[in-house]
Amino acid sequence: MEKHLEEFFPPGTAENDLFARLDPGRLPRHVAVIMDGNGRWAKGRGLDRVEGHKAGAAAVKEITEAAARLGIGWLTLFAFSSENWKRPRAEVGSLWRLLRLHLGSDLELLTRNDLRLRVIGRRDGIPGPALKELERVEALTAGNRRMTVVFALNYGGRADIVDAARRLLAEGGVDPSRLDEETFAARLSTAGIPDPDLLIRTSGEMRLSNFLLWQMAYTEIHVTPVLWPDFGRRHLLEALLDFQGRERRFGDVGAAVKHAGQRT
Ligand code: FPP
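Residues numbered from 1 in each chain as written. Predicted model: local features only at pLDDT ≥ 70, side-chain atom pairs only at ≥ 80, totals over all residues. Heavy atoms only, no water.

## So, the nonpolar core
Most often, soluble globular proteins have nonpolar side chains that are buried together.
Right, so step 1: By size, the foremost hydrophobic cluster in this structure holds 51 residues, and its most contacted members are Leu 70, Leu 134, Phe 151, Leu 153, Leu 236 and Leu 240.
Right, so step 2: Discounting chain neighbours no more than four positions away, the residues touching Leu 236 are Ile 63, Ala 66, Ala 67, Leu 70, Ile 200 and Phe 231.
Right, so step 3: Among the nonpolar cores identified, the runner-up in size contains twelve residues, and Ile 34, Leu 199, Phe 211 and Met 216 belong to it. (Core = buried A, V, L, I, M, F, W, Y, C linked by side-chain atoms within 4.5 Å. Buried < 20%, exposed > 50% of the residue type's maximum accessible area, 1.4 Å probe, protein only. Contact = heavy atoms within 4.5 Å.)

Following this line, the structure appears as structure tokens:
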């Protein structure tokens, strides 16, 4: 095992056993995550919800580094949905503050691991100080290549599709009969990013919650009851193993059906 992986998944641990079962040649290129359960985690400890988000931010750091070391190319994190504005003002303010503080302090983590930051979502709704920091870190990490961390902020899947349609209409000159999926996808906020292969949702909810609706047409979904602040490298490895056990058919029949009766 390479040294940087041995450090992260030390021999003799459950993580090391899980890692040994992983097929490095069949990792998802892009993992998307709905980080849910910060509030419940805090409530279960008699703490304020904001403490749950702080613990959630620590889990973001842990999973980002683990995904990069494993060789995942894109990690998209649903950090603030376009519906999250409905939460109490103080909680909304704390979430953006937390994000801004972490960007400042975790810039070193991004540069040390050769990670690029990219933001998707409606930027015009993001509070000024947070947006300024996000764009600064995006610019500073634009040349990094090992993994791209995509923060979905003020993001809604339907809004993303509407915005793409607006861009197309504003450009003009598109013959409706020639519009294809590729042309449309190139106007989405995720242009240039491959569709997620795996979606992880924590805290047991079985919903997409308006996340990457277009992009997740064929994404495998892994739902775990673990609350986001408790989600560690062991749970990431479990999700990846679950993914590797799936047969992806993209609307085709499975290989077993296709080749049935062909054996001599
Ligand atoms: C869901 O938990 C989580 C969020 C609304 C936001 C995710 C935010 C973080 C992980 C922290 C800050 C992020 C970064 C990138 C530094 P919830 O509040 O919906 O939990 P509940 O369903 O138990 O109430």
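Right, picking up where we left off after that structure.
## Observations regarding the site of the ligand
Right, so step 1: If you check the shell around the ligand, you find 18 residues, and the closest are Met 35, Gly 39, Arg 40, Arg 49 and Arg 87.
Right, so step 2: Take Arg 40: an N or O atom from its main chain is 2.7 Å from an oxygen atom of the ligand.
Right, so step 3: If the ligand stood free it would expose 620 Å²; the protein chains cover 92% of that surface.
Right, so step 4: Tallied by class, residues from the shell around the ligand come to seven nonpolar, seven polar and four charged. (Near = heavy atom within 4 Å. Polar contact = N/O pair within 3.5 Å; in protein donor to acceptor, adjacent residues only side chain to side chain. Areas by Shrake-Rupley, 256 points an atom, 1.4 Å probe, with all protein chains shown as cover. Nonpolar A, V, L, I, M, F, W, Y, C, P; charged D, E, K, R; others polar.)

## Details of the sheet that holds strand S2 (residues 74-81)
Working definition: the strands of a sheet are paired by backbone hydrogen bonds and lie parallel or antiparallel to each other.
Right, so step 1: Read across the open sheet, the six strands follow the order S3-S4-S2-S1-S5-S6; overall the sheet is parallel. The strands lining the two open edges of the sheet, one partner per strand, are strand S3 (115-120) and strand S6 (220-223). Neighbouring strand axes in the sheet, compared pairwise and without regard to direction, differ in orientation by 20° on average.
Right, so step 2: As paired elements, S2 and strand S4 (residues 147-155) share seven bridges and run parallel to each other. In the strand pairing of S4, Phe 80 is matched with Leu 153.
Right, so step 3: Packed onto the sheet, helix H6 (residues 128-140) meets S3 and S4 and runs at close to 140° relative to S3. (Pairing = 2+ DSSP bridges. Helix = DSSP H or I, 4+ residues; strand = E, 2+ residues; numbered from the N terminus. Axes fitted to C-alpha atoms, helices over the stretch in contact; angles between N-to-C directions.)

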